[in-house]
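# Reading the structure
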Amino acid sequence: MDSEYVKGEGCRTVPLSGHVGFDSLPDQLVNKSVNHGFCFNILCVGETGLGKSTLMDTLFNTKFEGEPASHSQPGVKLKSNTYDLQESNVNLKLTIVSTVGFGDQINKEDSYKPIVEFIDAQFEAYLQEELKIKRVLHNYHDTRIHACLYFIAPTGHSLKSLDLVTMKKLDSKVNIIPIIAKSDAVSKSELTKFKIKITSELVSNGVQIYQFPTDDESVAEINGTMNAHLPFAVIGSTEEMKIGNKMMKARQYPWGTVQVENEAHCDFVKLREMLIRVNMEDLREQTHARHYELYRRCKLEEMGFKDTDPDSKPFSLQETYEAKRNEFLGELQKKEEEMRQMFVQRVKEKEAELKEAEKELHEKFDRLKKLHQDEKKKLEDKKKSLDDEVNAFKQKKTAAELLQSQAQQAGGSQTLKRDKERKN
């Protein structure tokens, strides 16, 4: 069998005279990929109660764990669950990330921020793994979001401002596929008008949603047709009912039955075909080649890395690193000098405060000392006055006792004289 080498710039076309064997390369890639397995990460963004969990259960024909979220969340939180699925001989590591509490707050101004931060955190984790000296990317669990299913409430009128703001913030970071949730709540004619209205609002607000690729001839026709059906109007259900002779997923209403996999009833089959069976690998490639590369480029430019210098010469990674390191060390020394000067200034201010406090203490000590001396002098004067009074009192007492003894002696002599006179 003759084959020819693919033409390229600077290459010659050489005919082969026999079978060589590199036509088995696609088979080698398939076998290697199947043995290694695949990962796919879906982000479900939408208000509480729009059926995000039910749709995931319906898409993958299983029952994922999880409890219904309440409407009383103080803020938006992202809940991530990873599952290992197997179909035939293909293993898929599926990660489903759901927004808990989205749209439940009174002030919805910052509802998109936790979602953007989560997506950036997954990009950052992959970038840090890439920048390691010893990388293990072949075994690395890639958590970057490959597809964002944005659930739109079936109002039948227009998009909410929350939806427009959130999708505008996410369109450069993730592949957005808008879907109308619980589409059986809107009539068929209203649904057609609603789709046109949504598409018009997305275009007028500059929101870039994911377009199914049409560059591959094998899927160009079906993808081109499906792009015209966006956003998909879907219904989810895990309940099976017997319709005719077949068991089908459906929803039973008092007025009739809605069949989930009936394309006349909803676009669930279209979504499953486009998301899983036709374009899953393109979603993974777009995430890596477009969204992650944009994040990586911006991040490396922030770190000071560039492809070329001002003279349009290639940048040396070592020189860039050394320049950034020297810049960092210079900034560090500058900050150290500023901190040292600040420390010296604080020490001087503290010394001045201590000297002022010491001066106040000395003045207070002198005042107390003088007050103490005045009090001591007053006490000494008072003591001297009391001593004088005591001495005067003692002198008076001595004089009184002397007078009293003299009086007693005089009285005794008179008594003896009287006794003698009586005897005579």
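All of the points below concern the structure found in this document. Bear in mind that the values here come from a model prediction, so they are computed numbers and not experimental data.

## Section: the overall build of the chain
- When you go through the chain residue by residue, the secondary structure sums to nine helices and nine strands.
- Here the C-alpha radius of gyration of the chain, 48 Å, is well above what a compact globule of 424 residues would show, namely 22 Å.
- Based on the C-alpha atoms only, the size of the chain along its principal axes is roughly 190 × 75 × 45 Å.
- By the burial criterion, 30% of the 424 residues in the chain qualify as buried.
- Taking contacts inside the chain between residues at least 6 apart in sequence as the whole, the part at least 24 apart equals 65%.
- Put simply, the chain shows about 29,200 Å² of open surface, and 52% of that area lies on carbon and sulfur atoms.
- For the chain, the distance from the average site of its 65 positive side-chain charges to the average site of its 69 negative ones is 13 Å.

## Regarding the sheet that holds strand β4 (residues 147-152)
- The strand order across the open sheet built from six strands is β2-β3-β1-β4-β5-β6, with neighbouring strands paired in mixed fashion. The strands lining the two open edges of the sheet, one partner per strand, are β2 (77-87) and β6 (232-233).
- Across eleven bridges, the pairing between β2 and strand β3 (residues 90-100) is antiparallel. Considered in β3, the bridge of leucine 85 is made with leucine 92.
- Strands in contact with helix α5 (residues 188-204) are β4, β5 (176-180) and β6; relative to β5, the strand with the most contacts, it is inclined by about 150°.

## Things to note about the sheet that holds strand β9 (residues 256-259)
- One open sheet holds the three strands; their spatial order is β7-β8-β9, and the pairing between them is antiparallel. Edge strands, defined here as strands with exactly one partner in the open sheet, are β7 (240-243) and β9. Adjacent strand axes in the sheet meet at a mean angle of 65°, parallel and antiparallel pairs treated alike.

Parameters at a glance
- Residues numbered from 1 in each chain as written.
- Predicted model: local features only at pLDDT ≥ 70, side-chain atom pairs only at ≥ 80, totals over all residues.
- Heavy atoms only, no water.
- Helix = DSSP H or I, 4+ residues; strand = E, 2+ residues; numbered from the N terminus.
- Rg over C-alpha atoms; globule rule 2.2 N^0.38 Å.
- Buried < 20%, exposed > 50% of the residue type's maximum accessible area, 1.4 Å probe, protein only.
- Contact = heavy atoms within 4.5 Å.
- Areas by Shrake-Rupley, 256 points an atom, 1.4 Å probe, with all protein chains shown as cover.
- Lys, Arg positive; Asp, Glu negative; His and termini not counted.
- Charge placed at Lys NZ, Arg CZ, Asp CG, Glu CD.
- Pairing = 2+ DSSP bridges.
- Axes fitted to C-alpha atoms, helices over the stretch in contact; angles between N-to-C directions.

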